[in-house]
Structures are given as structure tokens and as C-alpha cells.
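# Descriptive structure summary
So you can see what is in the structure, the chains are spelled out below.
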Amino acid sequence: MVLGRLRRTGPLAWVLPTRANLTLRQIGLLLFLACVGLTSGYAFRREAFSLFGLKLLAVLLVGALLSYALMVLVARLLGQSRPRTMGLLAGYVGNPAITAYANSRVSDSRVNTGYATLFALAIIVKIICIQLIVGL
């Protein structure tokens, strides 16, 4: 902690640059996910490609596509712009990569406001839905 407070002693820097810190975090996350995937791959394959797993995948896919289409339809009926609708969809899915893509296509702050509007609500709804699915 003392060296971190000093920040630098002569030619030695005791502070990790932000980019290096983020890179190390990503490498750590990558290694963790690789280990989890290697240890659970066989069990996942066995369950995912069973008859129940394929039925569950079909039901979830239909449910997701219907809910996405319904959300886009309601946004259009409410007169929302395309950038805001894309942000709402990204927030509903909970994927910031969609927001980044939409921001690269159009320079409009409504993408980010749409994402921020729906992200927290979507997380709460997903937690409740998972509890319902497990309960059924």
C-alpha cells in the first residue's frame, strides 16, 4: 500500500495502468470460463441434447422471439424512434454489445436512454420468470 501511495520510485512505476488492469481482468475471466466449460461440458451436452433439453430450447426460443417482437411492436405503437427502440431491445436482452452496435450505426443519445430505461426492469423480470419456471 505504501508503494501504491508513492506511485513511482525512480524508474519503477508501482501503479497498474487502467488498460493493463482491464486486460488482466478479462484474461482471468476467460480462464475461469474455460475451466468451467471444460469441467461441465460433458454433462451439459448430455442434458442439452436430450429430448427434454431440445423441447426446453424450442419453448425458450419461441418465447424470446415473441417477447422481442411484442416489445418492438409496442414501442412502435407508442411512437418511439428506431434508435430508442434499439436501445430498449438491448436493455430488454441485457446485452451492452447491442447498444455498442446501435451506437456505431447511429449517433443518437436515445439508444443509451432506451437501454438504461429497460435494463434494470428486465433483470428483475428475468429473476421472477426463472423462479416461476423452476417452480413449475
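All right, on to the overall build of the protein chain then. Check the secondary structure of the protein chain and you find six helices and two strands. Mapped in sequence order, the helices and strands of the protein chain form the string α-β-β-α-α-α-α-α. Along the first, second and third principal axes, the C-alpha set of the protein chain runs to 60 × 45 × 25 Å. For the protein chain, the proportion of its 136 residues judged to be buried stands at 15%. Considering only contacts within the protein chain whose residues lie at least 6 apart along the sequence, 47% involve residues at least 24 apart.

Enumeration according to the criterion identifies two aromatic pairs in this entry. Considering the side-chain rings of Tyr115 and Phe119, the 5.3 Å spacing of their centres and the 25° angle between planes classify their relative orientation as stacked. One end of the pair is Tyr115 and the other is Phe119, both in helix H6 (residues 110-135) and four residues apart, which spans about a single turn.

Let us look at the confidence of the model for the protein chain. In this model, the protein chain carries an average pLDDT of 86, and 100% of its residues clear a pLDDT of 70 or more. Across the protein chain, the secondary-structure element scoring lowest on mean pLDDT is helix H1 (residues 2-6), at 78, and the one scoring highest is helix H3 (residues 51-77), at 91.

In this model, helix H2 (residues 18-48) (31 residues) spans only 39 Å end to end at C-alpha, well below the 45 Å of a helix rising 1.5 Å per residue. A maximum bend of about 55° is found in H2 at Ser40.

Two elements in contact, helix H4 (residues 82-93) and H6, have axes separated by 6 Å at closest approach and are oriented at 30°. When the interaxial angle is binned, H4 and H6 end up roughly parallel. Judged by the sense of rotation from one axis to the other, the crossing of H4 with H6 is right-handed. Residues Pro83, Arg84, Gly87, Leu88, Ala90, Gly91, Tyr92 and Val93 of H4 lie in contact with H6, whose contacting residues are Arg110, Val111, Thr113, Gly114, Tyr115, Thr117, Leu118, Phe119, Ala122 and Lys126.

As a further point, take unusual backbone geometry. Even without being glycine, Arg7 reaches a positive phi, approximately 70°. Within the secondary structure layout, Arg7 lies in the loop between H1 and strand E1 (8-9). Classification of Arg7 by relative accessible area gives exposed; the value is 53%.

Let us look at a nonpolar patch on the surface. A contiguous nonpolar surface patch, about 610 Å² in accessible area, is contributed by Phe52, Leu56, Leu60, Ile130, Ile133 and Val134. On the secondary structure map, Ile133 appears in helix H6. For Ile133, a relative accessible area of 49% gives the class partly exposed.

Taking 1.5 Å of rise per residue, 27 residues should cover 39 Å, and H3 covers 39 Å from first to last C-alpha, within 8% of that figure. Regarding H3, the residues found buried are Gly53, Met71 and Ala75. In this fold, the buried residues of H3 make contact with H2, H4 and H6.

Cut-offs and rules
- Residues numbered from 1 in each chain as written.
- Predicted model: local features only at pLDDT ≥ 70, side-chain atom pairs only at ≥ 80, totals over all residues.
- Heavy atoms only, no water.
- Helix = DSSP H or I, 4+ residues; strand = E, 2+ residues; numbered from the N terminus.
- Buried < 20%, exposed > 50% of the residue type's maximum accessible area, 1.4 Å probe, protein only.
- Contact = heavy atoms within 4.5 Å.
- Phe/Tyr/Trp six-rings, centres within 6.5 Å; stacked < 30°, edge-to-face > 60°.
- pLDDT = per-residue confidence, 0-100.
- Expected span 1.5 Å × (residues − 1).
- Bend = angle between axes of the 7 residues up to and from the residue.
- Axes fitted to C-alpha atoms, helices over the stretch in contact; angles between N-to-C directions.
- Parallel < 35°, antiparallel > 145°, perpendicular 65-115°, else oblique.
- Left-handed = near helix turned anticlockwise from the far one by under 90°.
- Patch = residues over 30% accessible without salt bridge, like charges linked within 9 Å, V, L, I, M, F, W, Y side chains within 5 Å.
- Areas by Shrake-Rupley, 256 points an atom, 1.4 Å probe, with all protein chains shown as cover.
- Salt bridge = Lys/Arg side-chain N within 4 Å of Asp/Glu carboxyl O.

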